[in-house]
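# Fold and geometry: a report
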Amino acid sequence: MTIKNVVFDFGGVLLDWNPRYFYRDVFKDDEKMEYFIKNIVTSTWNAQMDRGRTFEECMKELSDLNPEFKNEINMYRSGWEKMLKGEIPEGLKVFNAVLNSGKFKMYGLTNWSSETFPYAYNKYTFLQKLEGIVVSGEEKMIKPEKGIYLTLLERYNLVPEETFFMDDNINNVEVALSRGMHAVQFTGTDENLEQIAKILDIKI
């Protein structure tokens, strides 16, 4: 069956988001910063906002548990925009190649807080070229939960076998495959771009 739809993950594929970009200046000590990111503001904690909880609620809860880091935790929302460094060149290269081929409808499926997504959408205007985007914070579900993939397919009437998905997280890729979609882990290497080009039969 011909692939007609291409679905992009955002963070780690199209956009470079990392709390270190902000907290390096806050701590001025890489060891302390790494401890804080790996043990306090963890990816599991951040996923709560991606699933639709408010920053305010999550920061208060975490501060109560870790009072010694209260100030740093409470900077998480105000410093968030500095955590978003910019486009990932390799991902943007794929995006533009897919767009310029004129062969596909393009969509987004992202784990992102509904509070901060508007900033990214307005700043990185290439995202506005997508036909539709499913944002986890708005759906109260995150990848790799199966429901969010079904939301994407149902909302935009996509046939899984006609849909190709790329994500930097292998768990998210595996669930897409289990839903009947074509999917590849995005790594940004030359071999990876060649693999994507071959599947979509386009020049990247």
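Look up: the structure comes first, before these words.
Throughout what follows, the structure given in this document is the object of discussion. Everything quoted here is computed from the prediction, not taken from an experiment. (Residues numbered from 1 in each chain as written. Predicted model: local features only at pLDDT ≥ 70, side-chain atom pairs only at ≥ 80, totals over all residues. Heavy atoms only, no water.)

## A closer look at the overall build of the chain
Counting its regular elements, the chain contains twelve helices and seven strands. Overall size of the chain, expressed as C-alpha extent along the three principal axes, is 55 × 30 × 30 Å. Considering only contacts within the chain whose residues lie at least 6 apart along the sequence, 68% involve residues at least 24 apart. A distance of 2 Å separates the average location of the 25 positive side-chain charges in the chain from that of its 32 negative side-chain charges. (Helix = DSSP H or I, 4+ residues; strand = E, 2+ residues; numbered from the N terminus. Contact = heavy atoms within 4.5 Å. Lys, Arg positive; Asp, Glu negative; His and termini not counted. Charge placed at Lys NZ, Arg CZ, Asp CG, Glu CD.)

## A few points about the sheet that holds strand β5 (residues 132-135)
One key point about sheets: their strands pair by backbone hydrogen bonds, in either a parallel or an antiparallel sense. Spatial ordering of the open sheet is given by β5-β4-β1-β6-β7, a layout of five strands whose pairing is parallel. Pairing within the sheet leaves two strands with one partner each, and these edge strands are β5 and β7 (182-185). Pairwise comparison of adjacent strand axes, ignoring direction, gives a mean angle of 20 degrees for this sheet. Summarising the sheet, strand β6 (residues 163-167) and β7 pair through four bridges and their orientation is parallel. Pairing of Asp167 across the sheet is with Gln185, part of β7. Packed onto the sheet, helix α7 (residues 89-101) meets β1 (5-8), β4 (105-110) and β6 and runs at close to 160 degrees relative to β1. Its contacts with the sheet put helix α12 (residues 190-200) on β1, β6 and β7, and the angle it makes with β7 is roughly 170 degrees. (Pairing = 2+ DSSP bridges. Axes fitted to C-alpha atoms, helices over the stretch in contact; angles between N-to-C directions.)

## A word on the packing of helix α3 (residues 43-50) against helix α4 (residues 55-65)
The geometry of α3 relative to α4 is characterised by a closest axis approach of 9 Å and an angle of 150 degrees between their N-to-C directions. As far as their axial angle goes, α4 and α3 are roughly antiparallel. Helix-helix and strand crossings are classified by hand; for α3 and α4 the assignment is right-handed. Here α3 contributes Trp45, Gln48 and Met49 to the contact with α4, which in turn contributes Phe55, Cys58, Met59, Glu61 and Leu62. When its residues are assigned to classes, the contact of α3 with α4 shows six nonpolar, one polar and one charged. (Parallel < 35°, antiparallel > 145°, perpendicular 65-115°, else oblique. Left-handed = near helix turned anticlockwise from the far one by under 90°. Nonpolar A, V, L, I, M, F, W, Y, C, P; charged D, E, K, R; others polar.)

## A look at the side chain of Asn46
With respect to the helices and strands, the residue Asn46 is situated in helix α3. Beyond its immediate chain neighbours, meaning those up to four positions away, Asn46 contacts Trp17 and Tyr76.

## Observations regarding unusual backbone geometry
Cis geometry marks the peptide bond from Lys143 to Pro144; its omega dihedral reads 10 degrees. Secondary-structure assignment places Pro144 in the loop between α9 (136-139) and α10 (146-155). A positive phi angle is found at Lys28, which is not glycine, with a value near 55 degrees. Within the secondary structure, Lys28 is located in the loop between α1 (20-27) and α2 (30-39). One non-glycine residue, Lys140, adopts positive backbone phi at about 60 degrees. Checked against the element boundaries, Lys140 lands in the loop between α9 and α10. The exposed category is assigned to Lys140, whose relative accessible area is 53%. (Buried < 20%, exposed > 50% of the residue type's maximum accessible area, 1.4 Å probe, protein only.)

## What about the pattern of salt bridges?
Summed over the entire model, instances satisfying the criterion amount to 13 salt bridges. Residues Lys4 and Glu162 are paired through a salt bridge, measuring 3.4 Å at the closest nitrogen-oxygen approach. Residue Lys4 is found in the segment before β1, and its partner Glu162 is found in the loop between α10 and β6; the two are separated by 158 residues along the sequence. The exposure class assigned to Lys4 is partly exposed, which follows from its relative accessible area of 43%. For Arg53, the salt bridge identified is with Glu57, shortest N-O distance 3.2 Å. Owing to a relative accessible area of 24%, Arg53 belongs among the partly exposed residues under this scheme. Residue Glu57 is classed as partly exposed on the basis of its relative accessible area, which comes to 40%. (Salt bridge = Lys/Arg side-chain N within 4 Å of Asp/Glu carboxyl O.)

Nothing here speaks to function; it is geometry throughout.
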